Amino acid sequence: MELRFVEPVIVDADRLVELCVKLGEPRAEEMIALSIDNLWRGLEVLREGFAAHRLDDVVEQSKGLSQIADNLGLRLFARVSRDVESCAMRMDGPALGACLYRLDRIADSSINSVWDLCDIKV
């Protein structure tokens, strides 16, 4: 038996609609795709920084991830990214590991939620 944590994804759909209205649907979709790519890449850099004990890199990367997530309306993703930043700044290894694990858990479902919402025509 395996214990699995399931967390609800928090996406501000109004933020995505706002982007579509402000930029137009084609540009918004392009910006969202680029942002999602940056989230995936940033997560990988974050994991590498943690594994190499480069906490300054972890702090900087988590700041960037929280900004991107906020721009996309991924509230939970942004909040957990800020938790990662805080733990890295405090040099709290166990808490940092736990927050990174949590961020990994919510990343896929958060990003998939954005894609699902983007399929809705504005």
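Residues numbered from 1 in each chain as written. Predicted model: local features only at pLDDT ≥ 70, side-chain atom pairs only at ≥ 80, totals over all residues. Heavy atoms only, no water.

### A short note on the packing of helix H3 (residues 55-72) against helix H4 (residues 75-90)
Worth spelling out the cut-off: For helices, the fitted axis covers only the stretch in contact; all axes are lines through C-alpha atoms, and the angles between them, taken along N-to-C directions, range from 0 to 180 degrees. Numbering goes from the N terminus for both helices and strands, where a helix is a DSSP run of H or I of at least four residues and a strand is a run of E of at least two. Angle categories are assigned with fixed cut-offs, so that under 35 degrees is roughly parallel, over 145 is roughly antiparallel, 65 to 115 is roughly perpendicular, and the rest are oblique. Left-handed describes a crossing whose near helix is turned anticlockwise from the far helix through less than a right angle; right-handed describes the clockwise counterpart. The criterion used for residue contact is that any of the two residues' heavy atoms lie within 4.5 Å. In this classification, the charged set is Asp, Glu, Lys and Arg, the nonpolar set is Ala, Val, Leu, Ile, Met, Phe, Trp, Tyr, Cys and Pro, and all remaining amino acids, among them Gly, are polar.
For the pair H3 and H4, the least separation of the axes is 8 Å and the interaxial angle reads 160 degrees. The pairing of H3 with H4 is recorded here as roughly antiparallel in orientation. Between H3 and H4 lies a crossing of left-handed hand. Along its contact with H3, which presents Leu-55, Val-58, Val-59, Ser-62, Lys-63, Leu-65, Ser-66, Ala-69 and Asp-70, the element H4 presents Arg-75, Phe-77, Ala-78, Ser-81, Arg-82, Val-84, Glu-85, Ala-88 and Met-89. Counted by class, the contact of H3 with H4 contains ten nonpolar, three polar and five charged residues.

### Remarks on the nonpolar core
The condition is simple: What makes a nonpolar core is a set of buried Ala, Val, Leu, Ile, Met, Phe, Trp, Tyr and Cys residues whose side-chain atoms join them at distances within 4.5 Å. A 1.4 Å probe rolled over the protein chains alone gives each residue an accessible area, and that area as a share of the maximum for its type sets the label: buried under 20%, exposed over 50%, partly exposed in between.
Ranked by internal contacts, the top residues of the largest apolar core, which has 30 residues, are Phe-77, Val-84 and Leu-103. Those elements giving two or more residues to this core turn out to be helix H1 (13-23), helix H2 (25-51), H3, H4 and helix H5 (93-118). In terms of residues, this core owes the most to one element, H5, which gives eight residues. Excluding anything up to four places from it in sequence, Val-84 contacts Leu-46, Val-58, Ser-62, Leu-96, Cys-99, Leu-100 and Leu-103.

### Topic: the environment of Ala-69
One can find Ala-69 in helix H3. With 58 residues separating them along the chain, Ala-69 and Val-11 place their C-alpha atoms 9.5 Å apart. Those residues in contact with Ala-69 that lie beyond four places of it in its chain are Leu-39, Leu-74, Phe-77 and Ala-78.

### As for the layout of surface pockets
Inclusion rule: Here a cavity is any set of points on a 1 Å grid over the protein atoms alone where a 1.4 Å probe fits but cannot get out, and a pocket is any open set with protein on both sides within 12 Å along at least 5 of 7 lines; a residue lines the site when it has an atom within 4 Å of a point. Grid points are joined across faces, edges and corners, and a volume is the space filled by probe spheres set on the points.
The volume enclosed by the largest pocket comes to roughly 160 Å³. Lining the largest pocket are ten residues; nearest its centre among them are Arg-4, Phe-5, Val-6, Arg-105 and Ile-106. Among the residues forming the lining of the largest pocket, the class breakdown is five nonpolar, one polar and four charged.

### Overview of the environment of Ser-86
Put simply, the rule reads: N or O atoms within 3.5 Å of each other form a polar contact, as long as, within protein, one can give a hydrogen and the other can take it, and as long as residues adjacent in sequence are counted only when both atoms are side-chain atoms.
Looking at where Ser-86 falls in the secondary structure, it is placed in helix H4. Exposure remark for Ser-86: the relative accessible area of 30% places this residue in the partly exposed category. It is 9.7 Å that separates the C-alpha atoms of Ser-86 and Lys-63, two residues lying 23 residues apart in sequence. A polar atom in the side chain of Ser-86 sits 2.8 Å from the side chain of Arg-90.

### Side note on the pattern of salt bridges
The cut-off we apply is this: Salt bridges are defined as contacts in which a side-chain nitrogen from Lys or Arg sits within 4 Å of a carboxyl oxygen from Asp or Glu.
This structure, assessed with the given rule, holds ten salt bridges. Among the ionic pairs, Arg-41 bridges to Asp-37, the shortest N-O distance being 2.7 Å. Taken together, the positions of Arg-41 and Asp-37, both in helix H2 and four residues apart, correspond to about one turn of that helix. Judged by relative accessible area, Arg-41 falls into the exposed class, the value being 54%. In the salt-bridge network here, residues are joined through shared partners; they are Asp-12, Asp-70, Arg-75 and Arg-82.

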